Amino acid sequence: MNDTLQREDTVHPCNGDIRGSARRDMSPPGPGERSSPLPLAPALEEYKAGGASLISVLQRAQEIYGWLPQDVLRHISEATGTKFAKIMGVATFYTQFRLQPAGKYVIMLCKGTACHVNGAEGISAAVADELGITEGTTADGLFTLNEVACLGCCSLSPVMMINGETYGSLTPEKARAVLRAVRGTLPEVPSPKEQKP
Ligand code: FES
């Protein structure tokens, strides 16, 4: 695993917007559909020119497709001349990569120390109750729930992110309200002021 992490890995994950808008809306290819390799061409050219790492190509692929389908990984293998086994090794080593289709909204629920101390267990229970899952993807394909060790936003703990947007200073009730708003059963996401204790 000698690939140098690219800039995306070092950007601070907290964007300061604790309201957020859950903006990612990607539809992965359906069963049996092949993923078009065309959108990935610039990243592969950059790799071939020595300006990008394999990790950054995989990150770009995941941005484009929402996950890493096998046919895309095979295309990357062929285009870069990298053994498929090595690509799979990288894709499975880093938890940021998904080898299964994700839901429309990807939730990262922090279970790190600061969040734990400030009530992450209660948030986790509320989210699980609201979604009906403790991990993975809901049956309707709307939400994918992941637990993470730290989102780097400890001052806002307890925290969760949905599609890269940060929701901080959560209570179980606020977490439920955010999920319902994202789902569209409430008119709007609670304001940042309302999220503060
Ligand atoms: S422990 Fe939760 S953001 Fe750091």
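This text goes with the structure placed above it.
Nothing here was measured: the structure is a model prediction, and the numbers come from that model.

Draft legend 1. Expanded view of helix H7 (residues 120-131). Counted at 1.5 Å a residue, the expected span for H7 with its twelve residues is 16 Å, and the 16 Å between its end C-alpha atoms agrees. Among the residues of H7, those classed as buried are Ala120, Ile123, Ser124, Ala126, Val127 and Leu131. All buried residues of H7 fall inside an arc of 165° around its axis, so they share one side. Looking at the buried side of H7, the elements it contacts are strand E1 (105-110), helix H6 (113-117), strand E3 (143-148), strand E4 (160-162) and helix H8 (172-183).

Draft legend 2. Focus on the nonpolar core. One finds Ile107, Ile123, Val127, Val159, Met160 and Ala175 to be the most contacted residues of the largest nonpolar core, which totals 28 residues. If you list the elements that add at least two residues to this core, you get E1, H7, E3, E4 and H8. Contacts of Val127, omitting those with residues within four sequence positions, involve Leu109, Leu145, Ala175 and Leu179. Core analysis: the second largest hydrophobic core is formed by 15 residues, Ile55, Leu73, Ile76 and Ala91 among them.

Draft legend 3. Main features of the pairing of E1. With five of its six residues buried, E1 lies for the most part within the structure. The pairing of E1 with E3 spans six bridges and is classified as parallel. The residue bridging Leu109 from the neighbouring strand is Glu147, located in E3. Relative to E4, E1 is paired through three bridges, and the arrangement is antiparallel. By the bridge assignment for E4, Met108 is matched with Met161.

Draft legend 4. Molecular detail of the packing of helix H4 (residues 70-80) against helix H5 (residues 84-93). As a packed pair, H4 and H5 sit with axes 9 Å apart at the nearest point and diverge in direction by 125°. Classified by the interaxial angle, the pair formed by H4 and H5 is oblique. Crossing angle aside, the handedness with which H4 passes H5 is right-handed. Contacts between H4 and H5 pair Leu73, Arg74, Ile76 and Ser77 from the former with Phe84, Ile87, Met88 and Ala91 from the latter. Considered class by class, the residues forming the contact of H4 with H5 number six nonpolar, one polar and one charged.

Draft legend 5. Broad picture of the environment of Ser53. One can find Ser53 in the loop between helix H2 (41-48) and helix H3 (54-65). With ten residues separating them along the chain, Ser53 and Ala43 place their C-alpha atoms 9.4 Å apart.

Draft legend 6. Layout of the packing of H3 against H4. Packing of H3 against H4 leaves a shortest axis separation of 11 Å and a crossing angle of 145°. At the point where H3 passes H4, the crossing takes the right-handed sense. Contacts from Leu54, Val57, Ala61 and Tyr65 of H3 reach H4 at Val72, Ile76 and Thr80. Partitioned by chemical class, the residues of the contact of H3 with H4 number six nonpolar, one polar and no charged.

Criteria and cut-off values
- Residues numbered from 1 in each chain as written.
- Predicted model: local features only at pLDDT ≥ 70, side-chain atom pairs only at ≥ 80, totals over all residues.
- Helix = DSSP H or I, 4+ residues; strand = E, 2+ residues; numbered from the N terminus.
- Expected span 1.5 Å × (residues − 1).
- Buried ≥ 20, exposed ≤ 12 C-beta atoms within 10 Å, placed from the backbone.
- Arc of directions from axis to C-beta.
- Contact = placed C-beta atoms within 7 Å.
- Core = buried A, V, L, I, M, F, W, Y, C linked by C-beta atoms within 7 Å.
- Pairing = 2+ DSSP bridges.
- Axes fitted to C-alpha atoms, helices over the stretch in contact; angles between N-to-C directions.
- Parallel < 35°, antiparallel > 145°, perpendicular 65-115°, else oblique.
- Left-handed = near helix turned anticlockwise from the far one by under 90°.
- Nonpolar A, V, L, I, M, F, W, Y, C, P; charged D, E, K, R; others polar.

The analysis is restricted to geometry; functional conclusions fall outside its scope.
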